[in-house]
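# Structural overview
Residues per chain are reported as follows:
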Amino acid sequence: MKRVAITGLGAVSPTGLDAPSTWDAVKEGRSAIGPLQIERQDLVTCPVAAQVKAFDPANYFTTKQITPLDRFSQFAVVAAREALADCGIDPESDAVRMAPAIVGTGGGGLETFDNSFWRVYGENSRRIHPFTVPRLMCSAAASQVSMNLGLHGMAYAVSSACASGTHAIGQAFALIRSGVSRMAFAGGSEACMTTGNLVAWEALRVLSNDTCRPFSKNRSGLVLGEGGAMLVLEEWDHAVERGARIYAEVLGFGTNSDAGDLTSPDPEYVELAMAMAIRDAGLTPGQVGYVNAHGTGTAMNDAVESAAIRAVFEGAPPPVSSTKGVLGHSLGATGAMEALLTAMALHEQVMPPTAHCTEPDTALGIDMIPEGARKQEFSAALSNSFAFGGLNAVLLMGRA
Amino acid sequence: MSTLDRVREIVATQLGRDAAEFTADTNLIEAGFESLDVIETVFAVEEEFDIDINFNANESAAQDLITVGDIVKAVEEELAKKATK
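Residues numbered from 1 in each chain as written. Chains lettered and ligands numbered in written order. Predicted model: local features only at pLDDT ≥ 70, side-chain atom pairs only at ≥ 80, totals over all residues. Heavy atoms only, no water.

Note the threshold: UniProt positions are given in the numbering used here, feature names are shortened, and annotations may be inferred rather than shown by experiment.
Chain B appears in an unreviewed UniProt entry as Acyl carrier protein from Novosphingobium mangrovi. UniProt's Sequence similarities (unreviewed entry) comment on chain B is quoted here verbatim: "Belongs to the acyl carrier protein (ACP) family."

The name given to chain A in an unreviewed UniProt entry is Nodulation protein E, and the organism recorded there is Novosphingobium mangrovi. UniProt's Sequence similarities (unreviewed entry) comment on chain A is quoted here verbatim: "Belongs to the thiolase-like superfamily. Beta-ketoacyl-ACP synthases family." Turning to chain A, the UniProt annotation filed under Function (unreviewed entry) states: "Proposed to synthesize NOD factor fatty acyl chain. Involved in the synthesis of a highly unsaturated fatty acid moiety, which forms part of a lipo-oligosaccharide that is responsible for host specificity."

## With respect to the side chain of Ser73(A)
For clarity, the cut-off: Secondary structure elements are taken from DSSP: a helix is a run of H or I of four residues or more, a strand is a run of E of two residues or more, and numbering for both begins at the N terminus. Only heavy atoms enter the contact rule, under which two residues are in contact if any of them lie within 4.5 Å.
Assignment of secondary structure puts Ser73(A) in helix H3 (residues 71-87). Excluding its chain neighbours within four sequence positions, the residues that come into contact with Ser73(A) are Ala140(A), Ala141(A) and Gln144(A).

## Some points on the layout of surface pockets
To find the voids left in a structure, one rolls a probe of water-molecule size over its atoms. Formally: Lining residues are those with an atom within 4 Å of a point, where the points come from a 1 Å grid over the protein atoms alone and group into cavities, where a 1.4 Å probe fits but cannot get out, or pockets, open sets with protein on both sides within 12 Å along at least five of seven lines. Grid points are joined across faces, edges and corners, and a volume is the space filled by probe spheres set on the points. Domain start and stop positions are those given by an automatic or database domain assignment. In this classification, the charged set is Asp, Glu, Lys and Arg, the nonpolar set is Ala, Val, Leu, Ile, Met, Phe, Trp, Tyr, Cys and Pro, and all remaining amino acids, among them Gly, are polar.
When its volume is computed, the largest pocket comes out at roughly 860 Å³. Lining the largest pocket are 39 residues, and of these Thr263(A), Ser264(A), Met300(A), Ser35(B) and Ala57(B) lie nearest its centre. Among the secondary structure elements, those contributing two or more residues to the lining of the largest pocket are helix H12 (299-312) and strand S13 (380-387) of chain A together with helix H2 (37-49) of chain B. The element best represented in the lining of the largest pocket is H12(A), accounting for 3 residues. Counting contributing residues, the lining of the largest pocket receives three or more from each of domain 1 (4-241) and domain 2 (251-399) of chain A. Here the second largest pocket defines a volume of roughly 730 Å³. Lining the second largest pocket are 24 residues, with Thr45(A), Glu202(A), Arg205(A), Ile53(B) and Phe55(B) positioned closest to its centre. Every element with two or more residues in the lining of the second largest pocket is listed here: helix H9 (195-203) of chain A together with H2 of chain B. In terms of residue class, the lining of the second largest pocket is built from 11 nonpolar, 6 polar and 7 charged.

## Re the pattern of salt bridges
Using the following cut-off: Criterion for a salt bridge: a side-chain nitrogen of Lys or Arg within 4 Å of a carboxyl oxygen of Asp or Glu. Burial here depends on accessible area, computed with a 1.4 Å probe over protein chains only, as a share of the maximum for the residue type. Under 20% is buried, over 50% is exposed, and the range in between is partly exposed.
Scanning all chains against the criterion turns up 24 salt bridges over all chains. Arg6(B) is the salt-bridge partner of Glu48(B), the closest N and O atoms lying 2.9 Å from each other. Of this pair, Glu48(B) sits in helix H2 while Arg6(B) sits in helix H1 (residues 3-15), placing them 42 residues apart in sequence. With a relative accessible area of 26%, Arg6(B) lands in the partly exposed category. Its salt-bridge partner being Glu77(B), residue Lys73(B) comes within 3.8 Å of it at the nearest N-O pair. Placement of both Lys73(B) and Glu77(B) in helix H3 (residues 68-84) is noted, with a separation of 4 residues, approximately one turn of the helix. When its relative accessible area of 51% is taken as the criterion, Lys73(B) is described as exposed. By sharing partners, the salt bridges in this structure join Asp24(A), Lys27(A) and Glu348(A) into a single network.

Written out as C-alpha cells, the structure reads:
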C-alpha cells in the first residue's frame, strides 16, 4: 500500500475566496453567518445563511465560460485551480494529466434548477437556456474541473448528502493508496442558496433563525452555507521526490450506513464509522488528538455525535470542535471543507474553536474548544460526516 | 367536524390506523410516531387548517407536541390568531 499525502488545498467559502483566508477565519472563529440575500426572497422565511457574498465569477471566467457553469461548478473549478497551483507541480506533467477528479455534491446545479424552473412555472415561459441540462447535472462540477485543469483521469460526482465531500476524498484516498493513481483532485461543492432549497429546508424544521451554535445549550438549529473545497491527494514518495510541501497524510477512512431511519442517525453506526477509520489507519483511539465534528448545531446531532465520540474514546475523548459556527452547513461541500481545515489544523498544530458556543453543554461530555483556537501538539485527527439517509464517512489524517 | 376530529383523522392517516383509536390523550410516541412523523403531521394540519405552526425540532417547545390534544391546542391557538387578523 502507498502512503497518501495532501499537497494542495483550494477553497471558496463564506469567509474567503481561498484556502488561507478560509482557514484564518475559522481559526479566529470569525463567523460568516449573516442576513440571507437571494432572489425571490419574499417566499422564504429563514432570515440567515452563510453565503459566499464576495464571489464574482467575472473575476475567474470569461463571459463565454460562465454560461455553462452553475455556481456550484464555479466554486469547484476555482478551488481546484487554487489546489493545483498550491501543490506546486507542473500543470502539464503526466501525473496531473492522468489525475482523477472526484467532486461531491448534495444537490448539483440547484441555482440552475431553481432559476430555470421559475421561468417555466413562475413566469409561464416555455423557453429555458439550452445549457440547462449540462449546468444542473450533479456531475457538472467534476466535468468542469476535468476540462478546466486538463485532467484525463476518471471524473465523476459523489452524492451522499452531507457526507459527499468526505466520500469523494475517501475514494481518492483509495485510488492513491492502492497505486491506481499517483495524484487525484477530490473535494466537494454546493451552491444551495435558492428559494426552493431554502423553503425545502424550512419544511424540515431544523433551521435556526439566528445563528449556528454547535454543542451549546442555547443551540437553535443549523444554518445553511455554501462553498467549495478541493484537495490534491498525492502518492507520498511522488510528493517527496518533487520536494512538495505536505500538509498532512491521509491515514484511514471509515464508512458505513445506518440502514435505519432517514433523518435520525444511529449512534451505533456513527461510532463504528469512527472506529473503522482508526482501525483502517492502524492506530488506536488514544493516538487521535483532535476531532473535527460534523457538528451541525441541531439538538439531534449534538446528542448523537457526542455520545458516539465518548464511546469510541472510552470516556476520554480528545478535544472536539465544529467549524459550522463559522461556515454554516454547506451540505455536499462541507466534508471536503472540513477535511481541508483538519489538514491545516495538523499542519499548523492548531485546533480551531467551536464558534458561537457561548453556553458549552457540559452534559455532552466533550471538550468543544469554546474559548478560541488552541495551540497544542497532536499527531492525528478525525474529520466526521454523518448524512441524512444514515450515510457515515470519517477520514483520519496524520501530521506530516 | 370538530378540530379534534380533524386532527384525529390526520394522525390516524399518518399511522395508517382508524381515527376511532385516538383520543385527545393519546400519546403520539406510544401510538407509534417515529422521527419524521411529527413534522409530517405538523405539515398536514397546516395544510388542513391553512395555518402556520411555529415548530422547530431543535427547541424545547418541540417537546410540547406529546399528545393528540397538544396538536389540537396548537391548531386552535393559530386559528384564534387568524380570526383576529
